[in-house]
Every structure is written in structure tokens, then in C-alpha cells.
Amino acid sequence: KDRVEINISNMSNDNSPRRRVFLVTGGNSGIGLETIRQLIADETNKVYMLCRSPERAKAALSRLGNPTNVEFIEFDAYKNYCTDEEEASSSTGNSIVLPTEDIIDGVLLNAGGFGETLSSSNKKCASKLAKLNLMGHVALVKSLIKQQKLHKGSRIVASGSEACLTIPKRDWYNADFQKHLQGTAVKHMFSYGWIKGIVALYWSAFARRHPEMYITTVSPECVKDGTGFYNQKGMPGIATFGAKIAILMNGSHSVDQGAKRYLDSLLSEEGSNGDDGVCIIPKSGSFLAHRIGYTKDFGDVTEDSRWASFGDNHLKDLVWEAVEGILLDAEGKN
């Protein structure tokens, strides 16, 4: 019952072929850009590159060779969901306008991390991380559904992280998720792991409520270079130091290998196995990450008893209620 049969078809209702259309947030650099590069290796695919800066998007398109099947749309994952009065005037809103004929086959929610403009000394930083990594993407997906831009078989892939697996299991069962989303539960330096765990729990809950689509959270694994992740201004120094130590101890891989994790979930048939024999497309609602360190035992965390919290439907529902409650409060304020 919990396995969703997905049929990714390139055929419209009149049986005439159509190209596949993808949307990638944070697509101007790092793993997002590399994912786009790999997607457009098939020239029949069309990709929308979503990012904040038109200048950076222009530079990224140039690095790709200015392909005709990639289009830039301005999108800020943080400001896309913003209830702060001081930020509201600069918010781009939560809707993007796509051509009428374009229906989205795959969405990669890659934007996030610690952000470039977040200060670790800012008391609101944890809530900003929630907006950047989750709430802005939730608003985007809900907008796409409202515009009927997603169809039966569309795939949604959210960016996950093994950072959430460093949090003791018991803490998840005692958590006040609304406080974590609002930034009042833990110090900023600890909030990234919590938010990434909430991301995985939310999209798993979303998958149960939308069985017509394939939805998963995927860690791109530990990528040492080419992402800019460790240079983000909002990343606390101790977190940067810890991440670099983890790389030294556990190893890492290239940005193209990290992007391939996303590509597997966007393109492969459900139940497919990778070269190492591991199932790369488990059931919808899965959370794919390394369950030992940052480079070992890649698989579905929700099926592993060591991380039972991520397979717990009750916890998923609590996260769902917290997120939806905040969204309703925001709608009421607007």
C-alpha cells in the first residue's frame, strides 16, 4: 500500500510525444548547476533554472554554453516564504509563471544550506534556515499544484542531509516542531540538522497525501568541492570546522557524483538498483542518505531501525501539522 506505482510518461493525451520539463531551484551553481548540465545532455529535455540573481544565472548559462533548452526564472527560496515586515517589500512572492503548455515532470528543491546573507549572530537565523530550506519550497510546490503544473507521475526531489542523523532519536520524539521552524528551540549552530530532518519528515508526509506523485528526499552525499556550501556566510565557524573534519575522516566525492543522486531520483524507474546493487528509487516518501558517517551504507533511512523516527508516520504527521499551521497563520496575516 505504501509503494506508489509511478509511470513517468513522455506522451500527452493524444499520444503525441512531448519533451520532459524540469524545474531546479538553486540552479546557478554547485550541484544544482551540475544537475541541469546532466539533464540537458538529453536535448529533448527542457529545464527551468530558478535562482535569485539574474547576473549569476547569466554566468551559469554561459558556462553551460547558452543552451536553448534552459530558461532562467528569478526565485529566492527564502523570500518566497517571508512574513517579516521588513522583508516583505523585497519578496518575489510564491508564484512563478510558466508557459501554458509546460507541465512539470520533475522538481528538484536544491536551494538551501545556510544561505549567503544569514548571520550566525542573528536571533532569527534558525527560522530563516527553515524558510530557506523548507517553507519557500513548500510555497513553490503548492503554487505549482494550484496552477495545475504537476501531473500524475510528476517527481519532487528535496535536498536532504546526513546532518539530521547526528541528532539522538529520543530528541525527535520530544521535539516541538513549530518552535524549531520558528527558530526558538535550539541555537543557530545546531539548527541545520534539525531543519534538514524536518525537511525529510515533511516531504514524506506530503508523499502520503499525494500518492499520484513520486516524492523523495535525497542527500547528494558529501561533496568536497564545487558547491560553495562551506563558503556560505551564514554557516557557523564550528559547523564549517566539523564538516571539514568529517570529510577528512569519511571521504567525499565529486560534484557530478552528487548530482547523479538527484538524477537517479528524477529519472530512474521505481525499484531500480544502482551499480552497487542498492535500490536508488525506493517507495515514494523515502529519505535516501548515508546511514553510517557521510559516505557509507547509502539507502532509505525510513526503512532502517536505527533511524526509526524517520519512518514514524506519527512524527511525520506532527511535522505536517506544524508546517501547515504556520502556513495558515501566514495566510491569515496576509
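Since the model is a prediction, treat every value here as computed from it, not as a measurement.

J.: I keep staring at the sheet that holds strand β2 (residues 46-51) and nothing clicks. Help me out?
T.: As a general point, the strands of a sheet are linked pairwise by backbone hydrogen bonds and lie either parallel or antiparallel. Pairing within the open sheet is mixed, and its eight strands lie in the order β3-β2-β1-β4-β5-β6-β7-β8. Every other strand in the sheet has two partners, leaving β3 (70-74) and β8 (296-300) as the edge strands with one partner each. Each adjacent strand pair in this sheet contributes to an overall mean axis angle of 20°, direction not counted. Summarising the sheet, β2 and β3 pair through five bridges and their orientation is parallel. Directly across from M49, in β3, lies its bridge partner F72. Packed onto the sheet, helix α9 (residues 255-267) meets β1 (21-25), β4 (104-109), β5 (150-159), β6 (214-218), β7 (287-292) and β8 and runs at close to 160° relative to β5.

J.: For this particular structure, what's the right way to read the side chain of N28?
T.: Within the secondary structure layout, N28 lies in the loop between β1 and α1 (30-39). If sequence neighbours within four positions are ignored, N28 has contacts with L33, M49, C51, R56, A57, A60 and R63.

J.: Looking at this structure, how should I read helix α4 (residues 125-146)?
T.: Every α-helix winds through 3.6 residues per turn, so residues three or four apart in the chain are directed the same way. For α4, built from 22 residues, the straight-helix expectation of 32 Å at 1.5 Å per residue is met to within 8% by its first-to-last C-alpha distance of 30 Å. At K131, α4 shows its maximal kink, close to 45°. Most of α4 is tucked away: 19 of the 22 residues are buried. Count one or two residues on from α4 and you reach Q148, which has phi positive near 60°.

J.: Explanation requested: the confidence of the model for the protein in the structure shown.
T.: Predicted coordinates in regions of low pLDDT should not be interpreted in detail. Chain-level pLDDT for the protein is 80 on average; 71% of the residues reach the 70-or-more range. In this model residues 1-16 is a low-confidence stretch, pLDDT under 50, and it forms 27 contacts with partners more than four residues away in sequence or in other chains. Predicted confidence is poor over residues 85-93, with pLDDT under 50, and the contacts of this stretch with residues over four places away or in other chains come to 12 contacts.

Rules and cut-offs
- Residues numbered from 1 in each chain as written.
- Predicted model: local features only at pLDDT ≥ 70, side-chain atom pairs only at ≥ 80, totals over all residues.
- Heavy atoms only, no water.
- Pairing = 2+ DSSP bridges.
- Helix = DSSP H or I, 4+ residues; strand = E, 2+ residues; numbered from the N terminus.
- Axes fitted to C-alpha atoms, helices over the stretch in contact; angles between N-to-C directions.
- Contact = heavy atoms within 4.5 Å.
- Expected span 1.5 Å × (residues − 1).
- Bend = angle between axes of the 7 residues up to and from the residue.
- Buried < 20%, exposed > 50% of the residue type's maximum accessible area, 1.4 Å probe, protein only.
- pLDDT = per-residue confidence, 0-100.

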